[in-house]
Amino acid sequence: MLHFHPASRHDGGVHGKPIVVTGGAGFIGSHLTDRLLEAGEQVIVVDDLSTGSRSNLSLAERNPRFSFRACKVSECHDLESLVASAAMVVHLAAVVGVEQVMRSPIRTIETNLGETEAVLAAASHSGTPVLLASTSEVYGKSSQPEFSETDDLLIGPSTLGRWSYACSKLIDEFLAMAYYRERGVPVRIVRFFNTVGPRQTGAYGMVIPRFVDSARAGLPVRVYGDGRQSRCFCHVADSVEAVLRLMNSPEAVGQVVNVGNDQSVEIRELAERVIQVTRSASRVELVAYETVFGPGFEDMRHRKPSLKLLERLTGFRPRRTLDEILKDLTGA
Ligand SMILES: NC(=O)c1ccc[n+]([C@@H]2O[C@H](COP(=O)([O-])OP(=O)(O)OC[C@H]3O[C@@H](n4cnc5c(N)ncnc54)[C@H](O)[C@@H]3O)[C@@H](O)[C@H]2O)c1
């Protein structure tokens, strides 16, 4: 079993086998990599640097237990033996978020399905455990006050491209569960809710970095719709802690688990708090969804995770508040 304790003295990692992190040069992956290295693990990152960057790994690069493969997961020439040599694969590589899926739907769908399939197929030969990143987007337009892992999912029609990100991740979940049942691959599925923190880029529409960039530049902070939609934001350090604990939990095998924070904020209020924290002279500007995403765009009003299962499996609840997150992001 994996066991993440504070830095071990063994150069070969805690249990001699590396953890493979796909998408490890990205936002969540680079923080996870740092934490695993800190815990004495060996880490191999596989990343094609499509949205991630080597600079996110500048701390990791100095560690002899770290190595990096710059390639697409499915184009890794020795993927099967790489996966076979690993204690676990944490599969984060994906085209992430609604803005990218609106821009490049084919690439999003093909990447999110193809790369997951490659990882699971490789793991099925060796029985290597896989932790798969999914998303709260799969809950779709559900109007439940809190989303639980066994809830029905309410995704919009296939004529609206926005839902293809959720759908691609949902097929990943089904595929992972199928590999678990049919081939005995020990899979864990994590549904991340909005995760924020240092290294997250605003370039792909992630809301807090986009607000911070605008506020700092003195530009209008553009809030889509009426701004009354609410979201819950989890600090990446909390998300990573939850992932580490799930990696360590044998009970999490074959389960889908929400990972996020359950403190919600309306997006207009969030914009105002960002302006305040950055002491900016910017103003909030409401922009119709259609202006940004084209006609027929659908968004969900509220999105809040139930964290009961995460707590039951790991004893963990996210600790950092939105104020702490904003301070961390703005250096205020
Ligand atoms: N950040 C969030 O709020 C959030 C919310 C829900 C789900 N997720 C999921 O968490 C995971 C990580 O997201 P993130 O926010 O760190 O995004 P990110 O874009 O920063 O990280 C994704 C990484 O995957 C890499 N990548 C993409 N396609 C690849 C491929 N074919 N082969 C190898 N590498 C590839 C990118 O270069 C990048 O480094 C994703 O699976 C995402 O769907 C994130």
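This structure is a prediction, so every number in the text was calculated from the model and none was measured.

The rules behind each value
Residues numbered from 1 in each chain as written. Predicted model: local features only at pLDDT ≥ 70, side-chain atom pairs only at ≥ 80, totals over all residues. Core = buried A, V, L, I, M, F, W, Y, C linked by C-beta atoms within 7 Å. Buried ≥ 20, exposed ≤ 12 C-beta atoms within 10 Å, placed from the backbone. Contact = placed C-beta atoms within 7 Å. Near = placed C-beta within 6 Å. Helix = DSSP H or I, 4+ residues; strand = E, 2+ residues; numbered from the N terminus. Pairing = 2+ DSSP bridges. Axes fitted to C-alpha atoms, helices over the stretch in contact; angles between N-to-C directions. Left-handed = near helix turned anticlockwise from the far one by under 90°. Nonpolar A, V, L, I, M, F, W, Y, C, P; charged D, E, K, R; others polar. Arc of directions from axis to C-beta. pLDDT = per-residue confidence, 0-100. Right-handed = clockwise from strand over helix to strand, strands pointing away.

## Some remarks on the nonpolar core
Stage number 1. Grouped together as the largest cluster of nonpolar side chains are 91 residues, with contacts concentrated most on Val130 and Val243.
Stage number 2. Setting aside residues no more than four positions away along its own chain, Val243 makes contact with Leu32, Leu131, Val190 and Val259.

## Describing the site of the ligand
Stage number 1. Taken together, 28 residues sit near the ligand, with Gly23, Gly26, Gly52, Ala93 and Ala94 positioned nearest.
Stage number 2. Contributions of two or more residues to the shell around the ligand are made by α1 (27–38), α5 (105–126) and β5 (130–135).
Stage number 3. In terms of residue count, the dominant contributor to the shell around the ligand is α1 (3 residues).

## Overview of the sheet that holds strand β3 (residues 66–69)
Stage number 1. Across the sheet, 7 strands lie side by side as β3-β2-β1-β4-β5-β6-β11; this open sheet has parallel pairing. Edge positions in the sheet fall to β3 and β11 (255–259), since each has one partner strand and no second. The mean angle between the axes of side-by-side strands here comes to 20°, regardless of whether they run parallel or antiparallel.
Stage number 2. In the sheet, strand β2 (residues 43–46) pairs with β3 via 4 bridges, with the strands oriented parallel. Counted as the bridge partner of Val43 is Phe66 from β3.
Stage number 3. Seen against the sheet, α1 touches β1 (19–22), β2, β3 and β4 (88–91) and runs at an angle of roughly 165° to β2.
Stage number 4. Sitting on the sheet, helix α6 (residues 163–183) touches β5, β6 (187–192) and β11, and the angle it makes with β5 is about 155°.

## Things to note about the packing of α1 against helix α8 (residues 236–247)
Stage number 1. As a packed pair, α1 and α8 sit with axes 10 Å apart at the nearest point and diverge in direction by 60°. In this structure, α1 crosses over α8, and the sense of that crossing is right-handed. Seen from α1, the contacting residues are Phe27, Ile28, His31, Leu32 and Arg35; seen from α8, they are Val236, Ala237, Ser239, Val240, Val243 and Leu244.
Stage number 2. Residues of the contact of α1 with α8, tallied by class, amount to 8 nonpolar, 2 polar and 1 charged.

## Quick word on helix α12 (residues 322–330)
Stage number 1. All of the buried residues in α12 are Leu322, Ile325, Leu326 and Leu329. Along the axis of α12, the buried positions cluster into a sector of 95°, meaning they face one direction only. Across α12 from its buried face, at more than 90 degrees, point the exposed residues Asp323 and Glu324.
Stage number 2. Against the buried residues of α12 lie β7 (195–196), α7 (207–216), β10 (234–235), β12 (264–266) and α9 (267–277).
Stage number 3. Just beyond α12, the residue with positive phi is Gly331, at close to 70°.

## Thoughts on the confidence of the model for the protein
Stage number 1. Per-residue pLDDT for the protein has a mean of 92; in total, 95% of the residues score no lower than 70.
Stage number 2. Confidence over residues 5–13 falls short of pLDDT 50; this stretch has 16 contacts with residues more than four positions distant or in other chains.

## Some words on the pairing of β6
Stage number 1. Within β6, 6 of the 6 residues are buried, leaving the element largely enclosed by the surrounding structure.
Stage number 2. Burial of β6 is two-sided: the residues Val187, Ile189 and Arg191 facing one way and the residues Arg188, Val190 and Phe192 facing the other way are all buried.
Stage number 3. Where β6 meets β11, 5 bridges bridge the pair, whose relative direction is parallel. Paired with Arg188 across the two strands is Gln255, which belongs to β11.

## Some remarks on the sheet that holds strand β14 (residues 302–303)
Stage number 1. As summarised here, the arrangement of the 3 strands in space is β12-β9-β14, forming an open sheet in which the pairing is mixed. Both edges of this open sheet fall to β12 and β14, since each of them pairs with a single strand only.
Stage number 2. Alignment of strand β9 (residues 230–232) against β12, held across 3 bridges, turns out to be antiparallel. Following the sheet pairing, Arg231 is matched in β12 by Val265.
Stage number 3. Together, β9 and β12 form the strand contacts of α9, whose direction differs from that of β12 by roughly 85°.

## Regarding unusual backbone geometry
Stage number 1. Despite not being glycine, Arg199 has its phi angle at roughly 80°, a positive value.
Stage number 2. Note on placement: Arg199 falls in the loop between β7 and α7.
Stage number 3. Unlike most non-glycine residues, Arg279 shows phi in positive territory, near 50°.
Stage number 4. Here Arg279 falls in the exposed class, since 10 other C-beta atoms lie within 10 Å of it.

## Brief notes about the pairing of β5
Stage number 1. Counted residue by residue, β5 has 6 buried out of 6 residues, so it is predominantly covered.
Stage number 2. Here β5 shows two buried faces, one formed by Val130, Leu132 and Ser134 and the other by Leu131, Ala133 and Thr135.
Stage number 3. Here 3 bridges tie β4 to β5, and the two strands are oriented parallel to one another. Across the sheet, residue Val89 finds its bridge partner in β5, namely Val130.
Stage number 4. Direction of pairing for β5 relative to β6: parallel, over a ladder of 6 bridges. Across the sheet, the residue bridging to Val130 is Val187, located in β6.
Stage number 5. The parallel pair β5 and β6, bridged by α6, forms a crossover whose chirality is right-handed.

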